[in-house]
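Examination of the molecular architecture
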Amino acid sequence: IEALEWKAYENVVALDKEGYYIVYVKIVDQEDRVYYLNSECLFFDLLGPKVEIKLDDNVWNTMNSKLNSVYINEVSNVTIGATDDYSKVDKVYYYISDVYMSLEDLKNVEDWSLYSDVVTIDKIGANVVNVKAVDVNGHETIINSDYIIFGGYDINLKVGMNSTNVSDVANITDRSSV
């Protein structure tokens, strides 16, 4: 420990990154006697778990506000994974909605389901899988999938002549062609 390069203490040292730390202190008194102290192992867990949603070749690991669409034609299973580099994952929850929900909206949801094995997509139409993972220190991460459209169609289909002249209502007549 004598061979270490010691820095003079001048101010508080802030530990601001996740990880494990041991703080070593060298104290020299007025008579040049040297004392060494060290802390216990300090553990800083500042972030929630890393979360991943998987459906076939599709993988989501962030909270997205602009959702794309993935089409499925049969009942499918979604898997969820969660890890935390510095603490254990305590619980993983999911909530399926048929529309995009903001982070603020999801924080107000009370009926999350506890994830155990797979999430089955069996509701025809749009499905967004929202996931909340919580570590043992209470830090949480919330992510979502894109729209998973079961039945092979998009219920939010826009029709019209061009991108500036669209409607939510499709008026199909005997003169219409697709």
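Residues numbered from 1 in each chain as written. Predicted model: local features only at pLDDT ≥ 70, side-chain atom pairs only at ≥ 80, totals over all residues. Heavy atoms only, no water.

1. Considerations on the overall build of the chain
When its secondary structure is counted, the chain shows one helix and 16 strands. Within the chain, the proportion of its 178 residues that are buried is 26%. Nonlocal contacts in the chain, meaning residues at least 24 apart in sequence, comprise 62% of its contacts between residues at least 6 apart. Summed over its atoms, the accessible surface of the chain is roughly 12800 Å², and 48% of this surface lies on carbon and sulfur atoms. (Helix = DSSP H or I, 4+ residues; strand = E, 2+ residues; numbered from the N terminus. Buried < 20%, exposed > 50% of the residue type's maximum accessible area, 1.4 Å probe, protein only. Contact = heavy atoms within 4.5 Å. Areas by Shrake-Rupley, 256 points an atom, 1.4 Å probe, with all protein chains shown as cover.)

2. Brief notes about the sheet that holds strand β6 (residues 58-60)
Whenever strands of a sheet pair, they do so through backbone hydrogen bonds, lying parallel or antiparallel. Read from one edge of the open sheet, four strands run β6-β5-β8-β11, paired in antiparallel fashion. The two strands at the open ends of the sheet, each matched to only one other strand, are β6 and β11 (119-121). Going from strand to strand, the sheet's axes swing by 25 degrees on average, the running direction of each strand aside. In this sheet, β11 lies alongside strand β8 (residues 76-83) in antiparallel orientation, the contact comprising three bridges. Note that in β11 the partner of Asn77 across the bridge is Thr120. (Pairing = 2+ DSSP bridges. Axes fitted to C-alpha atoms, helices over the stretch in contact; angles between N-to-C directions.)

3. Notes on the nonpolar core
Judged by nonpolar contacts, the single largest core of 19 residues is most densely connected at Val78, Ile80, Val131 and Ile148. Elements with a contribution of two residues or more to this core: β5 (50-55), β7 (69-72), β8, β9 (89-97), β11, β12 (125-135) and β14 (147-150). Those residues in contact with Ile80 that sit more than four places away from it in its chain are Val51, Glu52, Val92, Tyr94, Tyr115, Val119 and Val131. (Core = buried A, V, L, I, M, F, W, Y, C linked by side-chain atoms within 4.5 Å.)

4. With respect to the packing of aromatic side chains
According to the stated counting rule, one finds four aromatic pairs in the structure shown. Taking the centre distance of 5.5 Å and the plane angle of 25 degrees together, the rings of Tyr20 and Phe43 count as stacked. On the criterion of sequence distance, the pair formed by Tyr20 in strand β1 (residues 19-21) and Phe43 in strand β4 (residues 42-44) is long-range, its members being 23 residues apart. Judged by its relative accessible area of 36%, Phe43 is partly exposed. Of the aromatic side chains, those joined through ring pairs into one cluster are Tyr20, Phe43 and Tyr86. Here Lys132 stacks its cationic end above the ring of Tyr93, 5.5 Å away from the centre of that ring. (Phe/Tyr/Trp six-rings, centres within 6.5 Å; stacked < 30°, edge-to-face > 60°. Lys NZ or Arg CZ within 6 Å of the ring centre and 35° of its normal.)

5. Topic: the environment of Tyr115
As for its position among the elements, Tyr115 is in the loop between β10 (113-114) and β11. The class for Tyr115 is buried, based on a relative accessible area of 15%. Considered as a pair, Tyr115 and Val92 are 23 residues apart in the sequence and their alpha carbons are 5.5 Å apart. In contact with Tyr115, not counting residues within four places along its chain, are Val78, Thr79, Ile80, Val92, Tyr93 and Tyr94.

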